[in-house]
Amino acid sequence: MMQAFDRLVAWWVSPLRISTIGLIRFALGLVTVFYFSDALTDVSFWFGVEGVHSSQNVAEFLQRSGLQDAAAASISPLFLTDSLWVYQTYCLLGIAIATAMMLGRGGQWICVAAWLSVVLWSNRLLWLAGLTETILSLSLFATCFAPTWKVPLWNRRNLIAGEADALSPATGFSIRLLAVQATLIGLATWLSMLAGEVWWNGTGAVALAAPESARSLGLVDSLRSPWIHEILTLAIVVTLPLGLSLAWRSGPDHSVRRYGVAILNGWAVLIAVLGSHWIYSGTLVCAFTAIQWAATPRELMPND
Amino acid sequence: MARLAFQNSGDHGSRVVRTMTWKQRGFVLFIMGHLFLVATSLLSTVSPSGWMSQILAVGNPYLRATHFGVDARPVYLAHGNPNEQPLRLRVNDDEELLPNTIAGAGSDDRQQRWLATVGLLAEQEQPSLVAELVMPVLQRTQWQRPSDAIQDPMVRLIREPTILSDVLDDQAPPLYEAKIINNQGEIAVVRLLPPRLTATAIGGTSQ
């Protein structure tokens, strides 16, 4: 029993190259920068003394609805103030932290700071937050464990080899956590999708693009042909499990895992284009990419 | 915390299964619990079972504090339900109360989530809570200034038609409809009840 558990522990902490998490952090940092930049655009409407979602308005609503207990776990220091400049500064700070994380500056704790900045902001949003914040929080959390890898902006030789790209068990742990979480999200999405009739009658792609006024790209007219929307629906339903099974395939051929990740990332891009889920899909692309490294069998891992 | 768990992991390149330290075991045990709660939260969005509800009741403080839980938000991409139609909060059917946003941007998503909360409360017959949410929006707009106010302003929460909505969906009454009363800058809303089926003949004219 203990041996079996130790094998599981050994899988979690099998070392991986530090550069792998560096690339993931770069991409996730970029998504986080985009997230906080976007949050700045409507911060004055929701927050501040006259904000629709001000602390005072939220407190009154929670008291009248009797939901204080449900919201009690959503801890954030931003509930303590209604000063608009605090919220604006918070977003700017979030952008700065995410930029530092992208570039591998500030040590490992900058990743913890990036994760906490998203969590505390999301907790303050309460019912304004959605699935995007959850996936971003999970993904940033997974990157917190690995050591820092500086993006070699000026010295490209570091990118190829050398001390900066050593093997690290903590990196292996981070990459695997990211990959397993992405797989859980993918499976849950796929299973719950299939509970909807639209994914069986071929109109799933139309349903995704149908709320045109809430979509960046008005694609409904181009989906009117049954050939197009049925093929796209089938592609969305089939590629997710296919991509996951290929990306997790163990075996000597690393290219199979790469094809799997390419299919998964293609799926995420399709969802982004049809449903305008840009930050959601961007985060999933980062997380799906981790699967190819997480799934590499131990005997194929490079020696230090 | 990661350093503590990983510092004794031995030779990095070894392909032999090593004896794990108790810190590593404890850390992996914690992560397995974390993944179990996240998976339960993700899978409970369509219709949570009794077990799922019990597990989430225990795990919710952790999931909410860290924002790891989906908290009943749908993880499916679309089901084509009327609930997925965009919502609009309008005064007298023509004027949007919420500021314009870029379609598909995060600001638009936040507006839709806020409107979905208002819509959910309206469907659950909670007009006072709906008013609690809508009032701050009205107070930010011109309806607080009597000179600018139009005659008999009404606030309506409506579902916008989409290509998948049918005629019956499009003719459905507003999710929420209320009269805005502006008493010298003091704003109040009085909810109007939707018309109900009745046996009384209406619309006839006597000649």
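In case you missed it, the structure is sitting above this.
The structure contained in this document is the topic of the report that follows.

Rules and cut-offs
Residues numbered from 1 in each chain as written. Chains lettered and ligands numbered in written order. Predicted model: local features only at pLDDT ≥ 70, side-chain atom pairs only at ≥ 80, totals over all residues. Heavy atoms only, no water. Helix = DSSP H or I, 4+ residues; strand = E, 2+ residues; numbered from the N terminus. Buried < 20%, exposed > 50% of the residue type's maximum accessible area, 1.4 Å probe, protein only. Contact = heavy atoms within 4.5 Å. Areas by Shrake-Rupley, 256 points an atom, 1.4 Å probe, with all protein chains shown as cover. Rg over C-alpha atoms; globule rule 2.2 N^0.38 Å. Lys, Arg positive; Asp, Glu negative; His and termini not counted. Charge placed at Lys NZ, Arg CZ, Asp CG, Glu CD. Axes fitted to C-alpha atoms, helices over the stretch in contact; angles between N-to-C directions. Parallel < 35°, antiparallel > 145°, perpendicular 65-115°, else oblique. Left-handed = near helix turned anticlockwise from the far one by under 90°. Salt bridge = Lys/Arg side-chain N within 4 Å of Asp/Glu carboxyl O. Disulfide = S-S within 2.5 Å.

## Observations concerning the overall build of chain B
Scanning chain B from N- to C-terminus turns up six helices and five strands. Sequence-ordered secondary structure for chain B, helices as α and strands as β, is α-α-α-β-β-α-α-β-α-β-β. Counting over 207 residues, chain B shows a buried share of 43%. Long-range pairs, those at least 24 residues apart, make up 55% of the contacts in chain B between residues at least 6 apart in sequence. Carbon and sulfur atoms make up 55% of the accessible area of chain B, which totals about 11500 Å².

## Regarding the overall build of chain A
When helices and strands are counted, chain A shows 15 helices and two strands. Its C-alpha atoms give chain A a radius of gyration of 21 Å, near enough to 19 Å, the size a compact globule of 304 residues would have. On the principal axes, the C-alpha backbone points of chain A span a range of 60 × 50 × 50 Å. For chain A, the residues scored as buried account for 58% of the 304 residues in total. For chain A, the proportion of contacts with a sequence separation of at least 24, taken over those separated by at least 6, is 79%. When the accessible surface of chain A is split by element, carbon and sulfur atoms take 66% of a total near 12300 Å². Looking at chain A, you have 16 positive and 17 negative side-chain charges, and the mean spots of the two groups are 12 Å apart.

## Some details on the packing of helix H2 (residues 18-41) of chain A against helix H6 (residues 84-102) of chain A
Any two packed helices are characterised by how steeply their axes cross, that is the angle between the axes, and by the distance between the axes. Residues and elements named next belong to chain A. As a packed pair, H2 and H6 sit with axes 8 Å apart at the nearest point and diverge in direction by 165°. Between H2 and H6, the crossing angle belongs to the class labelled roughly antiparallel. Pair H2 / H6 crosses with left-handed handedness. Side by side, H2 and H6 meet where Arg 25, Phe 26, Leu 28, Gly 29, Leu 30, Thr 32, Val 33, Phe 36, Ser 37, Ala 39 and Leu 40 of the first sit next to Gln 88, Tyr 90, Cys 91, Leu 92, Gly 94, Ile 95, Ala 98, Thr 99, Met 101 and Met 102 of the second.

## Side note on the pattern of salt bridges
As a working rule, side chains carrying opposite charge can pair if their charged atoms are close by. One pass over the structure, following the stated rule, counts 12 salt bridges over all chains. One salt bridge connects Glu 133 of chain A with Arg 113 of chain B, and the closest N-O pair in it is separated by 3.9 Å. Remark: Arg 113 of chain B occurs in helix H4 (residues 106-123) and Glu 133 of chain A occurs in helix H8 (residues 131-142); the pair is interchain, linking two chains. Glu 133 of chain A gets classed as buried once you look at its relative accessible area, which sits at 1%. In the salt-bridge network here, residues are joined through shared partners; they are Arg 88, Arg 90, Glu 96 and Glu 160 of chain B.

## Some details on the state of the cysteines
Residue and element names in this part refer to chain A. In this structure the tally under the stated criterion is zero disulfides over all chains. Lacking any disulfide linkage, Cys 111 is separated from the closest cysteine sulfur, that of Cys 144, by 6.0 Å. The class of Cys 111 is buried, set by a relative accessible area of 2%. With no disulfide of its own, Cys 286 lies closest to Cys 111 among cysteine sulfurs, the gap being 13 Å.

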